[in-house]
Amino acid sequence: MSENNFFLYIIPKVIQLHGYGDPLLDKHLNEYIKLLTKKGVSSYFSCNPANINIEQTELMLKNGLSYIKYSIESVDDEEFKNIRGNASNFTESFEAIKKIIKIKEENDYNTKIIITMLDLNRTGQVEEFKKLVRVFEELDVYIYLKSEDQQWYRKDYHGTNSVHWSEFCKHPWMSMTIKSNGEVAMCMEDYNNEIVLGNANHESLYDIWNGQKYIQFRNDHFDMTKGVKCNEECDMKLIG
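The shown structure was predicted, so the numbers you read here are calculated from the model rather than taken from an experiment.

S.K.: Would you explain the packing of helix H4 (residues 90–107) against helix H5 (residues 125–136) in this entry?
M.R.: Any two packed helices are characterised by the angle at which their axes cross and by the distance between the axes. One way to put it is that H4 packs onto H5 with a least axis distance of 12 Å and a crossing angle of 35°. Remark: the crossing between H4 and H5 carries right-handed chirality. Across the interface between the two elements, Phe90, Phe94 and Ile97 of H4 pack against Leu132, Val135 and Phe136 of H5. Looking at the contact of H4 with H5, its residues break down into six nonpolar, no polar and no charged.

As structure tokens, this is what we get:
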């Protein structure tokens, strides 16, 4: 395929403030939210409720956080610890989320609160999710069972029900992933920064998005280029 020398510029609608690790541990998170709100851009992140700080979360809501997602894998404290770590349990997480919902309602903040359970193909997973729904049914939250996306590395691959996973990958044309060190990686799944397309500390996002490395990256998707990580370590189909 001939080189695509077209320029693209997309105004971001939502900035996702998480990748690998927990964004609640970032001491600058509130500054990011405040800046994005000022620029008219929606902000969102997913986190472990075990790391909730009520005071900081209230400030996030006040600063205009658009969406916050709490990942809860079980309503049983011991099972919750087995999956999320010994520092966490469901009971404390649930009480903290209820306080946040109350703060949101009392101050009429617009933040959408999302509760999700990751479908890990566990025995009794559906019943566990039903229990979670019952616990939150009287509260103002959006709740859903999230399909596990990337499973290429698993021995017990069981597929996904995620709608976007049945389509071809659009990341080269619709999103940009910026790591904490400023490196622009191919997407959020490139956890070890194998494909770096620029550095936001030294280049504008416009120049990176329209640069030669991004053009080549898009061509690799069209051409199904061998040896590219997207071809060998991802469940999503390439457009080619």
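S.K.: Even after reading the chapter, I still don't get the pattern of salt bridges, so can you show me in this structure?
M.R.: Pairs can form between side chains of opposite charge once their charged atoms are near each other. All told, the structure shown has five salt bridges when counted by the stated rule. Here Lys98 makes a salt bridge to Glu95, at a shortest N to O gap of 3.3 Å. Here Lys98 pairs with Glu95, and both are found in helix H4, just three residues apart, close to one helical turn. For Glu95, a relative accessible area of 36% corresponds to the partly exposed category. Here Lys104 ties to Asp140 by a salt bridge, and the two come within 3.4 Å at their closest N and O atoms. Of this pair, Lys104 sits in helix H4 while Asp140 sits in the loop between H5 and strand S5 (142–147), placing them 36 residues apart in sequence. Using a relative accessible area of 43% as the deciding quantity, one classes Asp140 as partly exposed. Three or more residues joined by partner-sharing salt bridges are found here, namely Asp190, Glu194 and Lys229.

S.K.: Can you walk me through H4 in this structure?
M.R.: For H4, which comprises 18 residues, the first-to-last C-alpha distance of 26 Å matches the rise-based estimate of 26 Å (1.5 Å per residue) to within 8%. Where H4 is concerned, the buried positions are Phe90, Ser93, Phe94, Ala96, Ile97, Ile100, Ile101, Ile103 and Lys104. In the core, the buried residues of H4 are packed alongside helix H2 (54–62), strand S3 (67–71), helix H3 (77–84), strand S4 (112–119) and H5. With a side-chain oxygen positioned 3.1 Å from the backbone nitrogen of Thr91, the residue opening H4 is Asn89. Phi turns positive, to about 60°, at Asp108, one or two residues after H4.

Rules and cut-offs
- Residues numbered from 1 in each chain as written.
- Predicted model: local features only at pLDDT ≥ 70, side-chain atom pairs only at ≥ 80, totals over all residues.
- Heavy atoms only, no water.
- Axes fitted to C-alpha atoms, helices over the stretch in contact; angles between N-to-C directions.
- Helix = DSSP H or I, 4+ residues; strand = E, 2+ residues; numbered from the N terminus.
- Left-handed = near helix turned anticlockwise from the far one by under 90°.
- Contact = heavy atoms within 4.5 Å.
- Nonpolar A, V, L, I, M, F, W, Y, C, P; charged D, E, K, R; others polar.
- Salt bridge = Lys/Arg side-chain N within 4 Å of Asp/Glu carboxyl O.
- Buried < 20%, exposed > 50% of the residue type's maximum accessible area, 1.4 Å probe, protein only.
- Expected span 1.5 Å × (residues − 1).
- Polar contact = N/O pair within 3.5 Å; in protein donor to acceptor, adjacent residues only side chain to side chain.

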